[in-house]
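Structure assessment
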Amino acid sequence: MAKRIDVSDLNIYYGNFLAVEGVNVSIEPRSITALIGPSGCGKSTFLRSLNRMHEVIPGARVEGKVVMDGQDLYGADADPVDVRRQIGMVFQRPNPFPTMSIYDNVAAGVRLNSRKMKKADLDDLVERSLKGANLWNEVKDRLDRPGSSLSGGQQQRLCIARAIAVEPDVLLMDEPCSALDPISTLAIEDLMTELKERFTIVIVTHNMQQAARVSEQTGFFNLNGVGQPGRLIEFNPTEKIFSNPDQKATEDYISGRFG
Amino acid sequence: MTATRTPTEPGAAKPVRRPGDRIFAGSAKGAGILILVILAGVAAFLIAEALPALSAPSDDIPGGEGLAGYVLPLVFGTLLSAVIALVVATPLAVAIALFITHYAPRRLAQGLGYVVDLLAAIPSIVYGFWGIAWLAPKLVPFYQWLEDNFGFIPLFAGPTSSTGRTMLTAGLVLAIMILPIISAISREVFLQVPTLHKEAALALGATRWEMVKMAVLPYGKSGIIGGAMLGLGRALGETMAVALVLSVSGGITFNLISSGNPSTVAANIALEFPESSGIDVNTLIASGLALFVITLAVNMLARWIVNRRADFSGAN
């Protein structure tokens, strides 16, 4: 069900402050697109504008177009709730619902869509999603325990299971490994490589090796100075970005000569 | 091997304790002990003073039906009025808190918060006057309507009191009095729900109400229960407002809108104490002891409810 996303002339605001300016980019289906760049350059903000999570913050708004397979996500008839059901998100810090069991966490999204499911079907879905997130073997005996009883890496995979349980078209990941140890990070990277067969994945990362390892396309965001809006400086196949980037700023950043 | 000291060796160096730490630990411990001493003192006083009434022949107790016959209707009245207050106030208070924290525009929310807090600052005797002079007469037509249409339910059997000074009126006045306590505590808890959890719900495609159901209410549950118990404590012990509003005559009844109502423990003590002496005083104190035990039991019950699913509280 993976879909492509076309962004044109996107300006992203916090109140009157222009945070990200003039983004034009096409995100390919069934691939991983990585967004890199220094802190505060607007890559997370851009990511959150793709599933309309940006406007959750008071005063935040967006100008421009985001089109997913012909469907204008910011069109007059687009409902942000529907958009978020089609475009799943995994956050920087693992955030399973602490008041729900592991099972209920995975089932949460499906229950929201108010589809009445038979218990057996729901059991199937939970198992399938947890297997999809490579977590099933670790939690199958304690599905009724709280999600917060898991380790950080397991919690993050639980969040991925929760996001893919609703079969979204696109999966957004906002620095999903930055709070995890290297082994958990590896587990999640392997998982992403499996998931891209079914989903379009966009990942924000500070870890350039990670971007190089997992992604097909890489976008580099940068800003000229504090108070200036962030811009998408370069968007190219990952190999090209890391070997022979078009822009000098990109080369400076990836080779550590930044700033 | 040279001699090495293991940490477990007796007489090994004690951990260094700084004076600041010691002073703070001592004063904190003192405060903790003080509260227990006060509680024990109150309990000892109540028990000692209630003893003569407990052992007195039933003819000597006011009413002539023994201590249980005297105290039970009061306990019943206390619980009934408090339960009415809680049932009315809790959903309303939670709704107010939700509106202030998640729905109202920021400016309005702040003003509304102050106004609700202000309700807590009104002395209870003012509530009593307001209840007797304004609310009770206004409620009479409503009670009549309840009797006409829902008279088959024992709660509204009537006959409707002509003054409106009924158990339901007392319960409603109490509800307004405990509203600010419950809503202030709920509000604080709702504000502490981590953005992370709320965004998790929103990112799954939850509407605002679904987000509240998934993330805010479960996280705030223990706070709501805690606030409700504080409110219940105030409703159980409230004296002046009930003493003024409630028209007392008769014993245990579930009829909420008639003129025959049992009194409450606290209101009864306030009304009877000035004219009591001897065994009558002991009887009143025994009723106070009953209230003390009830309040303790209610708090322990609430604690148990909150702890039952502590793993899922979100505090870890």
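Residues numbered from 1 in each chain as written. Chains lettered and ligands numbered in written order. Predicted model: local features only at pLDDT ≥ 70, side-chain atom pairs only at ≥ 80, totals over all residues. Heavy atoms only, no water.

Moving on, we come to the overall build of chain A. A tally of regular secondary structure across chain A gives ten helices and ten strands. Radius of gyration (C-alpha) of chain A: 18 Å, near the 18 Å computed for a compact globule of 259 residues. Counting only C-alpha atoms and orienting by the principal axes, one finds that chain A spans roughly 55 × 45 × 30 Å. Residues counted as buried form 57% of the 259 residues belonging to chain A. The contacts in chain A between residues at least 6 apart in sequence include a share of 68% that link residues at least 24 apart. Element-wise, carbon and sulfur atoms account for 47% of the exposed surface of chain A, whose accessible area totals about 10,900 Å². Between the centroid of the 30 positive side chains of chain A and the centroid of its 34 negative side chains there is a distance of 4 Å. (Helix = DSSP H or I, 4+ residues; strand = E, 2+ residues; numbered from the N terminus. Rg over C-alpha atoms; globule rule 2.2 N^0.38 Å. Buried < 20%, exposed > 50% of the residue type's maximum accessible area, 1.4 Å probe, protein only. Contact = heavy atoms within 4.5 Å. Areas by Shrake-Rupley, 256 points an atom, 1.4 Å probe, with all protein chains shown as cover. Lys, Arg positive; Asp, Glu negative; His and termini not counted. Charge placed at Lys NZ, Arg CZ, Asp CG, Glu CD.)

Another point: the overall build of chain B. Of the regular secondary structure elements, chain B holds ten helices and zero strands. Listing each helix as α and each strand as β along chain B from the N terminus yields α-α-α-α-α-α-α-α-α-α. At 25 Å, chain B has a C-alpha radius of gyration far larger than the 20 Å of a compact globule built from 316 residues. By its C-alpha atoms, chain B is 90 × 60 × 30 Å across when sized along the principal axes. The buried share of chain B, reckoned over its 316 residues, is 42%.

Two measures describe an aromatic ring pair: the distance that separates the ring centres and the angle between the ring planes. Residue and element names in this part refer to chain A. The full count for this structure, using the stated rule, is eight aromatic pairs over all chains. With a centroid separation of 5.0 Å and an interplanar angle of 35°, the aromatic rings of phenylalanine 220 and tyrosine 253 are classed as tilted. Here tyrosine 253 lies in helix H10 (residues 248-254) and phenylalanine 220 lies in strand S9 (residues 217-223), a separation of 33 residues in the sequence. For phenylalanine 220, a relative accessible area of 0% translates into the label buried. (Phe/Tyr/Trp six-rings, centres within 6.5 Å; stacked < 30°, edge-to-face > 60°.)

Let us look at the confidence of the model for chain B. Considering every residue of chain B, the mean pLDDT works out to 87; 94% of them sit at 70 or more. For this predicted complex, the interface score ipTM comes out at 0.89, alongside a pTM of 0.83. (pLDDT = per-residue confidence, 0-100.)

Once that is clear, we can look at the interface of chain B and chain A. It is common to give the size of an interface as the accessible area that goes away when the parts come together. If you look at the interface, chain B gives 23 residues, while chain A gives 27 residues. Overall, the association of chain B and chain A removes approximately 2,200 Å² of surface from exposure, summing both partners, and the carbon and sulfur fraction of that is 66%. Run the count over chain B and chain A and you get two salt bridges. The salt bridge involving A:Arg48 is made with B:Glu199; its shortest N-O contact spans 2.7 Å. One can count four residue pairs in polar contact (both at pLDDT 80 or more) joining chain B with chain A. At the level of elements, helix H6 (195-203) and helix H7 (208-237) of chain B are the ones that each hand at least two residues to the side of chain B that touches chain A. Ranked by the residues each element gives to the side of chain B that touches chain A, the list is headed by H6(B), at seven residues. (Buried area = accessible area lost by both parts, 1.4 Å probe. Salt bridge = Lys/Arg side-chain N within 4 Å of Asp/Glu carboxyl O. Polar contact = N/O pair within 3.5 Å; in protein donor to acceptor, adjacent residues only side chain to side chain.)

On to the nonpolar core, then. In terms of nonpolar packing, the biggest core is built from 58 residues, with B:Leu168, B:Val173, B:Ile178, B:Leu232 and B:Leu256 touching the most fellow members. Residue assignment for this core shows that the elements contributing at least two residues are helix H1 (19-55), helix H2 (66-103), helix H4 (124-150), helix H5 (167-191), H7, helix H8 (240-245), helix H9 (265-272) and helix H10 (279-308) of chain B. Take this core: its biggest share by element is 13 residues, from H2(B). Among all residues touching B:Val173, those that are not within four sequence positions of it are B:Tyr127, B:Gly131, B:Leu135, B:Ala241 and B:Val245. Core analysis: the second largest hydrophobic core is formed by 52 residues, A:Cys41, A:Met89, A:Val170 and B:Met214 among them. (Core = buried A, V, L, I, M, F, W, Y, C linked by side-chain atoms within 4.5 Å.)

We now examine unusual backbone geometry. Across the chain, the bulk of peptide bonds are trans and the bulk of non-glycine residues have phi less than zero. Residue and element names in this part refer to chain A. The phi torsion at aspartate 69 lies on the positive side, around 45°, for a residue other than glycine. Along the chain, aspartate 69 turns up in the loop between strand S4 (60-68) and strand S5 (71-72). A relative accessible area of 43% places aspartate 69 in the partly exposed class.

All names here are of chain A. Within strand S3 (residues 32-36), five of the five residues are buried, leaving the element largely enclosed by the surrounding structure. Where S3 meets strand S8 (residues 200-204), four bridges bridge the pair, whose relative direction is parallel. Bridge pairing in S8 links isoleucine 32 to isoleucine 201. In this sheet, S9 lies alongside S3 in parallel orientation, the contact comprising four bridges. (Pairing = 2+ DSSP bridges.)

All names here are of chain A. Within the fold, asparagine 11 resides in strand S1 (residues 5-14). Here the side chain of asparagine 11 touches glycine 22 through a polar contact of 2.8 Å, landing on its backbone nitrogen. Among all residues touching asparagine 11, those that are not within four sequence positions of it are Leu18, Val20, Glu21, Gly22, Arg61, Val62 and Glu63.

Attention now goes to helix H3 (residues 102-112) of chain A. Taken across its eleven residues, H3(A) has nine buried, putting it largely inside the fold. For H3(A), the complete set of buried residues consists of A:Ile102, A:Tyr103, A:Asn105, A:Val106, A:Ala107, A:Ala108, A:Gly109, A:Val110 and A:Leu112.

Moving on to the packing of H9(B) against H10(B). How two helices sit against one another is set out by the angle between their axes and by the gap between those axes. All names here are of chain B. Taken N-terminus to C-terminus, the directions of H9 and H10 make an angle of 160°; their axes are 9 Å apart at the nearest point. The angle between the axes of H9 and H10 places the two elements in the roughly antiparallel class. Crossing of H9 over H10 shows left-handed handedness. Between H9 and H10, the residues in contact are Val265, Asn268, Ile269 and Glu272 and Leu284, Ser287, Gly288 and Leu291, respectively. When its residues are assigned to classes, the contact of H9 with H10 shows four nonpolar, three polar and one charged. (Axes fitted to C-alpha atoms, helices over the stretch in contact; angles between N-to-C directions. Parallel < 35°, antiparallel > 145°, perpendicular 65-115°, else oblique. Left-handed = near helix turned anticlockwise from the far one by under 90°. Nonpolar A, V, L, I, M, F, W, Y, C, P; charged D, E, K, R; others polar.)

Right, let's get into the environment of A:Asn207. All names here are of chain A. Note that asparagine 207 resides in the loop between S8 and helix H8 (208-214). Owing to a relative accessible area of 29%, asparagine 207 belongs among the partly exposed residues under this scheme. A polar side-chain atom of asparagine 207 sits 3.0 Å from the main-chain amide nitrogen of glutamine 210.

As annotated by UniProt and renumbered to match this structure, "domain: ABC transmembrane type-1" (unreviewed entry) occupies residues 75-302 of chain B. Spanning residues 75-302 of chain B, this segment combines 75% helix with 0% strand, and its end C-alpha atoms are found 19 Å apart. (UniProt positions renumbered as here; feature names shortened; annotations may be inferred.)

Moving on, we get to the side chain of B:Ser287. Residue and element names in this part refer to chain B. Note that serine 287 resides in helix H10. Using a relative accessible area of 0% as the deciding quantity, one classes serine 287 as buried. Residues within four places of serine 287 in sequence aside, it is in contact with Val71, Leu74, Val265 and Ile269.

Below, the discussion takes up the UniProt feature "transmembrane region" (unreviewed entry) in chain B. Residues and elements named next belong to chain B. As recorded in UniProt, the sites labelled "transmembrane region" (unreviewed entry) are residues 23-47, 67-100, 112-136, 166-185, 239-257 and 284-306. The straight-line gap between the two end C-alpha atoms of residues 23-47 is 36 Å; of that span, 100% is helix and 0% is strand. The span residues 67-100 shows a helical share of 100% and a strand share of 0%, and its end C-alpha atoms are spaced 48 Å apart.

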